[in-house]
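# A structural walkthrough
The lines below spell out each chain.
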Amino acid sequence: MNFNDMLKKKKKEDSETRENTAEMANESGQTDGQEEVQQVEVTENTISLEEKCKEELSQANDKFLRLYAEFDNFRRRTAKEREEARKTEGKDVIVALLPVLDDFERAIRSMENATDIVAVKEGVVLIQNKMKNILAQKGLKEMQSIGSPFNADLHEAITNIPAPTDDMKGSVIDEMEKGYELNDTVIRFAKVIVGA
(Lines give C-alpha, C1' and ligand atoms only; values in the text may rest on other atoms or scores of the structure.)
Protein backbone atom coordinates (compact mmCIF):
# COMPACT_ATOMS: atom_id res chain seq x y z
CA MET A 1 0.00 0.00 0.00
CA ASN A 2 1.40 3.31 -0.97
CA PHE A 3 1.22 6.60 0.75
CA ASN A 4 -1.62 7.95 -1.42
CA ASP A 5 -3.78 4.94 -0.67
CA MET A 6 -3.13 5.35 2.99
CA LEU A 7 -4.00 9.02 2.79
CA LYS A 8 -7.27 8.28 0.98
CA LYS A 9 -8.11 5.64 3.54
CA LYS A 10 -7.36 8.09 6.35
CA LYS A 11 -9.53 10.79 4.79
CA LYS A 12 -12.35 8.29 4.35
CA GLU A 13 -12.11 7.25 8.04
CA ASP A 14 -12.02 10.89 9.12
CA SER A 15 -15.12 11.72 7.09
CA GLU A 16 -16.93 8.68 8.52
CA THR A 17 -15.89 9.75 12.01
CA ARG A 18 -17.19 13.28 11.36
CA GLU A 19 -20.49 11.94 10.05
CA ASN A 20 -20.78 9.66 13.07
CA THR A 21 -19.97 12.58 15.34
CA ALA A 22 -22.51 14.77 13.54
CA GLU A 23 -25.09 12.03 13.81
CA MET A 24 -24.29 11.60 17.47
CA ALA A 25 -24.46 15.33 17.97
CA ASN A 26 -27.73 15.39 16.11
CA GLU A 27 -29.05 12.53 18.17
CA SER A 28 -27.82 14.02 21.39
CA GLY A 29 -29.31 17.35 20.38
CA GLN A 30 -32.62 15.67 19.83
CA THR A 31 -32.24 13.78 23.07
CA ASP A 32 -31.42 17.02 24.84
CA GLY A 33 -34.54 18.57 23.33
CA GLN A 34 -36.65 15.60 24.42
CA GLU A 35 -35.11 15.74 27.86
CA GLU A 36 -35.97 19.44 28.06
CA VAL A 37 -39.56 18.70 27.06
CA GLN A 38 -39.72 15.91 29.64
CA GLN A 39 -38.20 18.19 32.26
CA VAL A 40 -40.78 20.86 31.44
CA GLU A 41 -43.56 18.25 31.71
CA VAL A 42 -42.13 16.93 35.01
CA THR A 43 -41.88 20.51 36.30
CA GLU A 44 -45.46 21.21 35.20
CA ASN A 45 -46.60 17.93 36.82
CA THR A 46 -44.71 18.86 39.97
CA ILE A 47 -46.28 22.33 39.98
CA SER A 48 -49.76 20.96 39.35
CA LEU A 49 -49.23 18.28 42.01
CA GLU A 50 -47.95 20.93 44.39
CA GLU A 51 -50.90 23.19 43.63
CA LYS A 52 -53.27 20.26 44.06
CA CYS A 53 -51.73 19.46 47.46
CA LYS A 54 -51.96 23.12 48.48
CA GLU A 55 -55.61 23.21 47.44
CA GLU A 56 -56.37 20.00 49.37
CA LEU A 57 -54.56 21.41 52.41
CA SER A 58 -56.55 24.62 52.10
CA GLN A 59 -59.81 22.66 51.91
CA ALA A 60 -58.79 20.50 54.89
CA ASN A 61 -57.93 23.63 56.90
CA ASP A 62 -61.27 25.18 55.94
CA LYS A 63 -63.13 22.02 57.01
CA PHE A 64 -61.16 21.95 60.27
CA LEU A 65 -61.93 25.59 61.04
CA ARG A 66 -65.63 25.09 60.29
CA LEU A 67 -65.75 21.94 62.41
CA TYR A 68 -63.90 23.67 65.25
CA ALA A 69 -66.28 26.65 65.11
CA GLU A 70 -69.27 24.31 65.05
CA PHE A 71 -67.92 22.38 68.06
CA ASP A 72 -67.22 25.62 69.91
CA ASN A 73 -70.79 26.80 69.28
CA PHE A 74 -72.12 23.41 70.44
CA ARG A 75 -70.01 23.60 73.62
CA ARG A 76 -71.25 27.12 74.42
CA ARG A 77 -74.88 26.22 73.70
CA THR A 78 -74.63 23.08 75.86
CA ALA A 79 -73.02 25.01 78.73
CA LYS A 80 -75.77 27.63 78.52
CA GLU A 81 -78.50 24.94 78.50
CA ARG A 82 -76.88 23.21 81.48
CA GLU A 83 -76.74 26.49 83.39
CA GLU A 84 -80.40 27.18 82.65
CA ALA A 85 -81.33 23.62 83.65
CA ARG A 86 -79.40 24.04 86.92
CA LYS A 87 -81.32 27.22 87.70
CA THR A 88 -84.69 25.51 87.28
CA GLU A 89 -83.65 22.03 88.50
CA GLY A 90 -86.22 21.52 91.24
CA LYS A 91 -88.91 23.67 89.67
CA ASP A 92 -91.50 20.88 89.38
CA VAL A 93 -91.05 19.81 93.00
CA ILE A 94 -91.21 23.40 94.24
CA VAL A 95 -94.33 24.11 92.18
CA ALA A 96 -95.92 20.95 93.62
CA LEU A 97 -95.06 22.06 97.17
CA LEU A 98 -96.47 25.58 96.82
CA PRO A 99 -100.02 24.47 97.85
CA VAL A 100 -98.51 22.95 101.01
CA LEU A 101 -96.85 26.28 101.76
CA ASP A 102 -100.22 27.99 101.27
CA ASP A 103 -101.82 25.49 103.68
CA PHE A 104 -99.17 26.27 106.31
CA GLU A 105 -99.84 30.01 105.97
CA ARG A 106 -103.58 29.42 106.43
CA ALA A 107 -102.89 27.18 109.44
CA ILE A 108 -100.71 29.83 111.09
CA ARG A 109 -103.40 32.50 110.58
CA SER A 110 -106.07 30.20 112.01
CA MET A 111 -103.88 29.34 115.04
CA GLU A 112 -103.85 32.99 116.11
CA ASN A 113 -107.57 32.86 116.97
CA ALA A 114 -107.89 29.10 117.58
CA THR A 115 -109.22 27.87 120.91
CA ASP A 116 -109.52 24.18 119.94
CA ILE A 117 -106.07 22.56 119.93
CA VAL A 118 -107.41 19.27 118.54
CA ALA A 119 -108.58 21.01 115.35
CA VAL A 120 -105.16 22.67 114.93
CA LYS A 121 -103.41 19.30 115.32
CA GLU A 122 -105.71 17.72 112.74
CA GLY A 123 -104.96 20.56 110.32
CA VAL A 124 -101.19 20.11 110.75
CA VAL A 125 -101.53 16.33 110.23
CA LEU A 126 -103.53 16.95 107.03
CA ILE A 127 -100.82 19.29 105.74
CA GLN A 128 -98.12 16.74 106.57
CA ASN A 129 -100.01 13.98 104.73
CA LYS A 130 -100.51 16.24 101.73
CA MET A 131 -96.78 16.97 101.65
CA LYS A 132 -95.87 13.27 101.98
CA ASN A 133 -98.21 12.40 99.11
CA ILE A 134 -96.69 15.05 96.85
CA LEU A 135 -93.15 13.86 97.63
CA ALA A 136 -94.17 10.22 97.11
CA GLN A 137 -95.47 11.16 93.66
CA LYS A 138 -92.03 12.61 92.91
CA GLY A 139 -90.34 9.30 93.85
CA LEU A 140 -89.52 9.89 97.54
CA LYS A 141 -89.96 6.88 99.82
CA GLU A 142 -89.44 6.54 103.58
CA MET A 143 -87.21 3.71 104.80
CA GLN A 144 -88.67 1.37 107.39
CA SER A 145 -85.73 0.67 109.69
CA ILE A 146 -87.06 -0.35 113.13
CA GLY A 147 -86.81 -4.11 113.60
CA SER A 148 -84.74 -4.69 110.45
CA PRO A 149 -81.13 -5.94 110.58
CA PHE A 150 -78.53 -3.17 110.63
CA ASN A 151 -77.29 -2.44 107.10
CA ALA A 152 -74.41 0.02 106.69
CA ASP A 153 -75.62 0.80 103.14
CA LEU A 154 -78.93 2.13 104.52
CA HIS A 155 -78.30 3.04 108.14
CA GLU A 156 -75.98 5.23 110.13
CA ALA A 157 -75.49 3.87 113.65
CA ILE A 158 -75.59 6.54 116.35
CA THR A 159 -74.97 4.20 119.26
CA ASN A 160 -75.36 0.64 120.52
CA ILE A 161 -77.52 -0.33 123.47
CA PRO A 162 -78.13 -3.71 125.07
CA ALA A 163 -80.80 -5.56 123.07
CA PRO A 164 -84.02 -6.34 125.00
CA THR A 165 -84.10 -9.83 123.42
CA ASP A 166 -81.53 -12.04 121.73
CA ASP A 167 -83.25 -11.82 118.34
CA MET A 168 -82.86 -7.99 118.38
CA LYS A 169 -79.03 -8.21 118.56
CA GLY A 170 -77.59 -6.56 115.44
CA SER A 171 -80.99 -5.11 114.57
CA VAL A 172 -82.29 -1.55 114.62
CA ILE A 173 -84.03 -0.87 117.94
CA ASP A 174 -84.89 2.79 117.50
CA GLU A 175 -84.73 5.44 114.80
CA MET A 176 -83.49 8.95 115.59
CA GLU A 177 -83.94 10.33 112.07
CA LYS A 178 -85.80 8.71 109.17
CA GLY A 179 -83.94 7.66 106.06
CA TYR A 180 -85.25 8.38 102.55
CA GLU A 181 -84.82 6.93 99.09
CA LEU A 182 -85.46 8.78 95.86
CA ASN A 183 -86.25 6.42 92.99
CA ASP A 184 -84.55 3.52 94.85
CA THR A 185 -81.40 5.55 95.59
CA VAL A 186 -80.59 6.44 99.19
CA ILE A 187 -80.56 10.21 99.58
CA ARG A 188 -80.45 10.24 103.39
CA PHE A 189 -79.27 7.46 105.67
CA ALA A 190 -81.44 6.61 108.63
CA LYS A 191 -79.79 7.49 111.96
CA VAL A 192 -80.48 4.50 114.17
CA ILE A 193 -79.73 2.85 117.50
CA VAL A 194 -78.54 -0.72 117.15
CA GLY A 195 -79.01 -3.57 119.67
CA ALA A 196 -75.81 -5.13 121.00
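Residues numbered from 1 in each chain as written. Predicted model: local features only at pLDDT ≥ 70, side-chain atom pairs only at ≥ 80, totals over all residues. Heavy atoms only, no water.

### Quick notes on the confidence of the model for the protein
Applied cut-off: Scored from 0 to 100, pLDDT records how confident the predictor is in each individual residue. The contact criterion used throughout is that any non-hydrogen atoms of two residues lie within 4.5 Å.
Model confidence for the protein is summarised by a mean pLDDT of 80, while 77% of its residues fall at 70 or above. Note that residues 24–31 has pLDDT below 50 and, in this model, 0 contacts with residues that lie over four places away or in other chains.

### Regarding the sheet that holds strand β4 (residues 180–182)
Test applied: DSSP bridges decide pairing: two strands pair if at least two such bridges lie between them. The numbering of helices and of strands both runs from the N terminus, where a helix is a DSSP run of H or I of at least 4 residues and a strand a run of E of at least 2. Lines fitted to the C-alpha atoms define the axes, with helices restricted to the stretch that makes contact. Angles between their N-to-C directions range from 0 to 180 degrees.
Sheet architecture is open: 3 strands sit in the order β1-β4-β5, paired in antiparallel fashion. Lying at the two open borders of the sheet, with one neighbouring strand each, are β1 (140–142) and β5 (185–188). Within the sheet, the average angular offset between the axes of one strand and its neighbour, ignoring direction, is 40 degrees.

### Points about the layout of surface pockets
Operational definition: Cavity: a set of points on a 1 Å grid over the protein atoms alone where a 1.4 Å probe fits but cannot get out. Pocket: an open set with protein on both sides within 12 Å along at least five of seven lines, its lining residues, like those of a cavity, having an atom within 4 Å of a point. Grid points are joined across faces, edges and corners, and a volume is the space filled by probe spheres set on the points. In the scheme used here, Gly and all other residues not listed as nonpolar or charged are polar, with Ala, Val, Leu, Ile, Met, Phe, Trp, Tyr, Cys and Pro taken as nonpolar and Asp, Glu, Lys and Arg as charged.
There is about 180 Å³ of room inside the largest pocket. What lines the largest pocket is simply Q128, M131, K132, L135, A136, L140, K141, E142 and Y180. For the lining of the largest pocket, the elements supplying multiple residues, two or more each, are α3 (117–137) and β1. In terms of residue count, α3 provides more of the lining of the largest pocket than any other element does, 5 residues in total. Class assignment for the residues of the lining of the largest pocket results in 5 nonpolar, 1 polar and 3 charged.

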